[in-house]
Amino acid sequence: MMDEIIEGYCCQGEWKTAANGDYIFAHKDGREFFLKRFQEPKYPEEGLSADFRDKKIKRCEQFSQERRKIIVALQQVSQGNGNILTPQEFFLNKPYYYQASLKSTQQEATISQIVKLPEEKRMLLIKTLCMDLMKIHSVKIVHGDLKPENILISRSQNGELICKLIDFDDSRYSSTSSQTGSLFLSQKSIFFCGIAVF
């Protein structure tokens, strides 16, 4: 069976179902990516009534414009910051929209291991996470799926544990401007932060 190729991304393995879409790992230009395929909205096929098709196309265009705008904003605030792993590309391969992100490194520490670290190292991880969140919130974007699985603990070049924020597939603009600059944490993330500190 030949590997599926989508816009230059050579897919590896089989598609797996995730929240609001499917994902697969893929290679392109010598790098490995996490490729997300959104199930909605789906670009309409020919044969629909003109009005219905126009409405679907308009919705797709709005979705595309917002996703592209979010990705550009995320890439701008993450410049020079390797702790925010933002999407690299967003594109349409009819009828689906796709989003490609560089595959993250393997998780280097579990919560049970983190709690054994000296307090100053645990606090550094939490401060890094909070600073990363404040950066994306400064451009009125919320992560959308903040949980321990999307907070990657990896190692720096000198071997120190560092905190990285990954998986921006559900990121969106905040509904009110008054939230800008504040921190929005899910219950799981608050639990993660509390465990890491105490």
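Residues numbered from 1 in each chain as written. Predicted model: local features only at pLDDT ≥ 70, side-chain atom pairs only at ≥ 80, totals over all residues. Heavy atoms only, no water.

Asker: How would you explain the overall build of the protein if you had to name every residue and give the values?
Answerer: When its secondary structure is counted, the protein shows four helices and ten strands. When its helices and strands are written in sequence order, the protein yields β-β-β-β-α-β-β-α-α-β-β-β-β-α. Put simply, the protein has 198 residues, and 39% of those count as buried. At a minimum sequence separation of 6, the contacts of the protein that also span at least 24 residues come to 59%. For the protein, the accessible surface area stands at approximately 11600 Å², while carbon and sulfur atoms represent 51% of it. (Helix = DSSP H or I, 4+ residues; strand = E, 2+ residues; numbered from the N terminus. Buried < 20%, exposed > 50% of the residue type's maximum accessible area, 1.4 Å probe, protein only. Contact = heavy atoms within 4.5 Å. Areas by Shrake-Rupley, 256 points an atom, 1.4 Å probe, with all protein chains shown as cover.)

Asker: I'd like a description of the layout of surface pockets, backed by residues and values.
Answerer: Approximately 520 Å³ is the volume found for the largest pocket. Lining the largest pocket are 23 residues, and of these Phe 34, Asn 150, Ile 166, Asp 167 and Asp 169 lie nearest its centre. Listing elements by their share of the lining of the largest pocket, those giving two or more residues are β3 (21–28), β4 (31–38) and β6 (96–102). A class-by-class count of the residues in the lining of the largest pocket yields nine nonpolar, six polar and eight charged. (1 Å grid on protein atoms, 1.4 Å probe; cavity = no way out; pocket = protein on both sides within 12 Å on 5 of 7 lines; lining within 4 Å. Points joined across faces, edges and corners; volume = space filled by probe spheres on them. Nonpolar A, V, L, I, M, F, W, Y, C, P; charged D, E, K, R; others polar.)

Asker: Please give an account of the side chain of Asp 22 that cites residues and values.
Answerer: Following the sequence through the fold, Asp 22 ends up in strand β3. Residue classification places Asp 22 among the buried residues on the basis of a relative accessible area of 9%. At 2.5 Å, the side chain of Asp 22 and the side chain of Gln 39 are in polar contact. If we skip the residues at most four places from it in the chain, Asp 22 touches Trp 15, Lys 16, Thr 17, Leu 35, Lys 36, Arg 37 and Gln 39. (Polar contact = N/O pair within 3.5 Å; in protein donor to acceptor, adjacent residues only side chain to side chain.)

Asker: Quick one: what's the story with the side chain of Arg 122, residue by residue and with numbers?
Answerer: Considering the arrangement of structural elements, one finds Arg 122 in helix α3 (residues 119–137). For the buried residue Arg 122, which engages in no salt bridge, the nearest side chain bearing the opposite charge is Glu 119, 5.1 Å off. A polar atom in the side chain of Arg 122 sits 2.8 Å from the backbone oxygen of Leu 117. (Lys, Arg positive; Asp, Glu negative; His and termini not counted. Salt bridge = Lys/Arg side-chain N within 4 Å of Asp/Glu carboxyl O.)

Asker: Tell me about the packing of aromatic side chains, and name the residues and values.
Answerer: If you walk through the whole model with that rule in mind, you get twelve aromatic pairs. Measuring from centroid to centroid gives 5.8 Å for Tyr 9 and Phe 91, while their planes differ by 5°, and the two rings are stacked. With a gap of 82 residues between them, Tyr 9 in strand β2 (residues 9–18) and Phe 91 in strand β5 (residues 87–93) connect regions that are remote in the sequence. Phe 91 carries the same exposure label as Tyr 9, and that label is buried. An aromatic cluster is present here, built from Tyr 9, Trp 15, Phe 33, Phe 91 and Tyr 98 joined pairwise through their rings. (Phe/Tyr/Trp six-rings, centres within 6.5 Å; stacked < 30°, edge-to-face > 60°.)

Asker: Help me get a handle on the pattern of salt bridges, residues and values and all.
Answerer: Across all of its chains, the model carries eight salt bridges by this definition. Between Asp 22 and Arg 37 there is a salt bridge, with the nearest N and O atoms lying 3.1 Å from each other. Here the residue Asp 22 occupies a position in strand β3, and Arg 37 occupies one in strand β4, the gap between them amounting to 15 residues. The class for Arg 37 is buried, based on a relative accessible area of 14%. Here Glu 89 and Lys 28 are joined by a salt bridge, their closest N and O atoms 3.5 Å apart. Placement of the pair is Glu 89 in strand β5 and Lys 28 in strand β3, with a sequence separation of 61 residues.

Just distances and angles here, no functional claims.
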